Amino acid sequence: MNNEVSVTAVHPDIERVLVTEEQLRKRNADLGAMISHDYTDREVLVVGVLKGAAWFVSDLTRHMTCDFTVDYMAVSSYGAAHKSSGVVRILKDLEVPLEGRHVLIAEDILDTGLTLKYLIRNFLGRGAASVEVAACVVKEGAQEEEVDVKYEGFVLPNEFVVGYGLDYAQRYRGLPYIGVLRPSVYEGE
């Protein structure tokens, strides 16, 4: 059975597909196995960064065999724009304390790095024993802050991508692949 995205299934606002459903499934399985190996002897708190990482967290944790719990945090640095404002705001905080916990931040995309850098400092400041990052997408050459991503899904060109949780103005999250959004959709912001 071919799981590649067919030409007719691609949303008309998508210029081209960069990562297919099948590639996402396989990479999540690989990352889940790596994480499980690394956390064999300790429990990990997987912190999903809402809203975009919900898809990634759900699929990734299905492949994790180590002990883990999940919590979510909502932060924003974009608003409705296609570029980061540079200001990180906490919209929904964690429900569990971090002191002494091993934390794995699961993020949909590493773009500027500002949000992840802020979260890492914040979590260590709250007493986390360790903080690692799993990012579904790393945008090549877009980082303003250096962030160590231990579990990297896909390195993609520095283009505006949507699908698989990634959005533009809350749209396109439900696409089952990751694709480049046509610039005509967001030009003139």
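Residues numbered from 1 in each chain as written. Predicted model: local features only at pLDDT ≥ 70, side-chain atom pairs only at ≥ 80, totals over all residues. Heavy atoms only, no water.

K.L.:
Even after reading the chapter, I still don't get the pattern of salt bridges, so can you show me in this structure?
P.N.:
Two side chains that carry opposite charge are able to pair once their charged atoms sit near each other. Counting across every chain of the model gives 15 salt bridges. When the shortest N-O distance is used, the salt bridge between Lys-92 and Asp-71 registers 4.0 Å. Linking Lys-92 in strand 4 (residues 89-92) with Asp-71 in strand 3 (residues 68-76), this pair joins segments that are 21 residues apart in sequence. Residue Lys-92 is classed as partly exposed on the basis of its relative accessible area of 27%. A single salt-bridge network, built from bridges that share partners, covers Glu-15, Arg-16 and Glu-159. (Salt bridge = Lys/Arg side-chain N within 4 Å of Asp/Glu carboxyl O. Helix = DSSP H or I, 4+ residues; strand = E, 2+ residues; numbered from the N terminus. Buried < 20%, exposed > 50% of the residue type's maximum accessible area, 1.4 Å probe, protein only.)

K.L.:
Mind showing me how you'd approach unusual backbone geometry here?
P.N.:
With glycine set apart, most residues show a phi of negative sign, and most peptide bonds adopt trans. With an omega of 0°, the peptide bond running from Leu-50 to Lys-51 counts as cis. Unusually for a residue other than glycine, Tyr-164 sits at a positive phi of about 50°. As for its placement among the helices and strands, Tyr-164 is situated in the loop between strand 8 (161-162) and strand 9 (178-181). A positive phi is found at Gln-170, a non-glycine position, where the angle reads about 70°. Looking at the element boundaries, Gln-170 is found in the loop between strand 8 and strand 9. Assessed through its relative accessible area of 47%, Gln-170 is described here as partly exposed.

K.L.:
Please explain the pairing of strand 6 (residues 130-139) as it appears in this structure.
P.N.:
Side-chain positions along a regular strand alternate between the two faces of the sheet. Within strand 6, nine of the ten residues are buried, which leaves the element mostly enclosed by the surrounding structure. Bridge count between strand 5 (residues 102-110) and strand 6: eight bridges; the pairing is parallel. Looking at strand 6, one finds that Leu-110 is bridged to Val-138. Note that strand 6 and strand 7 (residues 151-156) share five bridges and pair parallel. Each residue of the ladder has a partner; that of Val-138, found in strand 7, is Val-155. (Pairing = 2+ DSSP bridges.)

K.L.:
I would appreciate a short explanation of the pairing of strand 9 in the present structure.
P.N.:
Summarising the sheet, strand 1 (residues 14-19) and strand 9 pair through four bridges and their orientation is antiparallel. Within the sheet, the bridge partner assigned to Val-19 lies in strand 9 and is Ile-178. Bridge count between strand 8 and strand 9: two bridges; the pairing is antiparallel. Along strand 9, the bridge assignment pairs Val-161 with Val-180.

K.L.:
Which parts of the structure should I look at to understand the packing of aromatic side chains?
P.N.:
Each aromatic ring pair is specified by the distance between its two centres and by the angle formed by the two planes. A complete count under the given rule lists three aromatic pairs for this structure. Considering the side-chain rings of Phe-160 and Tyr-186, the 5.3 Å spacing of their centres and the 50° angle between planes classify their relative orientation as tilted. Pair noted here: Phe-160 is in the loop between strand 7 and strand 8 and Tyr-186 is in helix 4 (residues 183-186), with a separation of 26 residues, a long-range link. Pair check on accessibility: Phe-160 and Tyr-186 agree, each one buried. Taken together through their ring pairs, the aromatic side chains of Phe-160, Tyr-168 and Tyr-186 make up a single cluster. (Phe/Tyr/Trp six-rings, centres within 6.5 Å; stacked < 30°, edge-to-face > 60°.)

K.L.:
How do you make sense of the side chain of Asp-71 when you look at a structure like this?
P.N.:
The exposure class of Asp-71 is buried, given its relative accessible area of 6%. Here the side chain of Asp-71 touches Val-96 through a polar contact of 3.3 Å, landing on its backbone nitrogen. If sequence neighbours within four positions are ignored, Asp-71 has contacts with Leu-45, Val-46, Val-47, Gly-48, Lys-92, Leu-94, Glu-95 and Val-96. (Polar contact = N/O pair within 3.5 Å; in protein donor to acceptor, adjacent residues only side chain to side chain. Contact = heavy atoms within 4.5 Å.)

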